[in-house]
Structure formats: C-alpha cells, structure tokens
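# Structural overview
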Amino acid sequence: MNGRPLPGALPLSAAPDDGPDAPTPALIFVVEDDLAIARLVLSVLADFGFSAEGFTTGSAVLRRLQTVKPDLCIVDLGLPDMDGLELIRQIAQQSHAGVLILTGRGHTVDRVMGLELGGDDYVTKPFEPRELVARVRSILRRRAPRTGLVTGTPRRYASFLGWTLDCAANLLRAEDGTEHVLGVAEVQVLRTFLERPHQILSREQLVGHRGLSPTDRSIDVRISRLRRKIETDPMDPRIIKTVYGAGYVFSASVSWS
C-alpha cells in the first residue's frame, strides 16, 4: 500500500509484474487476520494478474472503502474486531464490489446468511489456491457488462412491469423511483432471466456453471432475495415462478435499450 498504512492494514500489497501498457488489473481487497493465509492469498492473486491489498480487521477495510473502490473483496468471517457477516453487509452498502467469503466456518447457516447479506460465493478453509482464483474470476466475469446478442452493442437498460435494471450500475429502479443496489450474484440471475423471459431455466443455467450440487441452495437464496424486491407477494410469486423439477421461469415481457 502507498503512504502511511491504515491501522489493521497489512504492510504489503500485491500487484502483477506487467509493463506500463498492460491493462489495469482488477483490484481485490483481502480481509484476513491470519497473516500466513493473507500473504498466501495476496501472492496467488498477484501470480494470476490481480492487484490486491490486505487488511486484518473489518474497520480497516471500511476506512479504505471510503477512498478506494475495489472490484472484489475476499472476506474471512472470523475477524478480531467485528463479525464478518456484518462486514459483508456494510461492504454491500458502501460499494458495488463483489464479495467472496473465505472462512473456516462450514455451517449451512453461515453460508446462507453470507449470501443473503450480499456475498457472491463461499469457499471454506483449507482451500486450493487455484480454485480460489477460479471463483474470483467467475465473480468478476459475472460483473462484466454483456453485449447485445445480435448487434454486439452494449445493452444497459432492461425494463419490465414498471421496473428498470441499470446493468452498468447494478441498480434496480421501481416505477415510483425506489432504488435497490443489487449484489453481483443477484444481477447475474436477474440478467439471465431478462435475456430469456418466458423460458424455463435450470438452476445450473442461472448460476452459470454445470455440475451444481443438489444440496447447493445458493440459487434459491438469490431467487428469494429478488422476489422480495420485485414481487407484490414473495410467498405467491407471479413474476419469477418455480417450475418444480425443472427450474424457474420469468413470466414478464422485457424490453432493452
């Protein structure tokens, strides 16, 4: 890190060793109080072309977020000064960064709560560094703007039933002007629906990868979060409908601009 380190910030950062004309790498914040693990993650990220900064406390990374906006935060749930779940909630409020949870907690309740509060993916310790990088890349890909299927031009706004999704800002706006900043995982699912309305989509199609475990409920958490925002009655959904044994279907017409 440049300048005087923040309290709780690691006295090191990582960046790829590229030339001056190389594209700007994605910036990742690593929030981990185990110094050995933090240094390992920072080193691996640099090896794979990312720029990264390390923090040992939640308060340090929140202070850093006031001046620097990362593309992704890797967050340990067991921090010395605050609960990692609370940190994830505050990161989601203060930035559009994706969140990858990296923790020794393997309980289902922690996984579900982390995803509910804005997490995009969950990796438990011990972990394989290459898998961690693959998860990071997957989240960043989901954040990247998609292009039009025919013209190749960017499609930024999608409208349905009085709602408008600003894909560049991850912002969902209601007809009355109410706005919701969506997490990366929510945007991925909603965009998939909006690009394929009136089609039955499997859980694997909505998550974006094959081989999804039958016990993986992350897609159900994301669907639940979206329903609470756009459905009049989330318990009796009329827009995002469940097709039992097959997946989900988005039943509204969509226009793009």
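You'll find the structure just up there.
About the thresholds
- Residues numbered from 1 in each chain as written.
- Predicted model: local features only at pLDDT ≥ 70, side-chain atom pairs only at ≥ 80, totals over all residues.
- Heavy atoms only, no water.
- 1 Å grid on protein atoms, 1.4 Å probe; cavity = no way out; pocket = protein on both sides within 12 Å on 5 of 7 lines; lining within 4 Å.
- Points joined across faces, edges and corners; volume = space filled by probe spheres on them.
- Helix = DSSP H or I, 4+ residues; strand = E, 2+ residues; numbered from the N terminus.
- Nonpolar A, V, L, I, M, F, W, Y, C, P; charged D, E, K, R; others polar.
- Core = buried A, V, L, I, M, F, W, Y, C linked by side-chain atoms within 4.5 Å.
- Buried < 20%, exposed > 50% of the residue type's maximum accessible area, 1.4 Å probe, protein only.
- Contact = heavy atoms within 4.5 Å.
- Axes fitted to C-alpha atoms, helices over the stretch in contact; angles between N-to-C directions.
- Parallel < 35°, antiparallel > 145°, perpendicular 65-115°, else oblique.

### Structural notes on the layout of surface pockets
Estimated volume of the second largest pocket: approximately 190 Å³. What lines the second largest pocket is a set of 17 residues, among which Ala92, Gly118, Val181, Leu182 and Gly183 lie closest to the centre. When residues of the lining of the second largest pocket are traced back to their parent elements, those giving at least two are strand S5 (98–103), helix H6 (184–195) and helix H8 (218–230). When grouped by side-chain class, the residues that make up the lining of the second largest pocket number 7 nonpolar, 5 polar and 5 charged.

### A few points about the nonpolar core
Counting 25 residues, the largest nonpolar core has Phe193, Ile240 and Phe250 as the members making the most contacts within it. Breaking this core down by element, the ones donating at least two residues are strand S7 (157–160), strand S8 (163–166), H6, helix H7 (203–207), H8 and strand S13 (247–250). Looking at which element gives the most residues to this core, the answer is H6, with 5 residues. If near-sequence neighbours (up to four positions away) are discounted, Ile240 is found in contact with Phe193, Ile223, Leu226, Arg227, Ile230, Glu231, Tyr248, Val249 and Phe250.

### Quick word on unusual backbone geometry
Here the amide bond leading from Lys125 into Pro126 is cis, since omega sits at -10°, within 30 degrees of zero. Here Pro126 shows up in the loop between strand S6 (121–124) and helix H5 (129–143). With phi around 55°, Asn170 is a residue other than glycine that occupies positive phi space. If you trace the backbone, Asn170 turns up in the loop between S8 and strand S9 (171–173). With a relative accessible area of 9%, Asn170 lands in the buried category. Of note in the backbone geometry, His198 takes a positive phi value of approximately 65° without being a glycine. Along the polypeptide, His198 turns up in the loop between H6 and strand S11 (200–201).

### Re the packing of helix H2 (residues 58–65) against helix H3 (residues 84–94)
As a packed pair, H2 and H3 sit with axes 11 Å apart at the nearest point and diverge in direction by 0°. Our classification of the angle between H2 and H3 gives roughly parallel. The segment H2 lies against H3, with Gly58, Val61, Leu62 and Leu65 engaging Leu87, Gln90, Ile91 and Gln94. Residues of the contact of H2 with H3, tallied by class, amount to 5 nonpolar, 3 polar and no charged.

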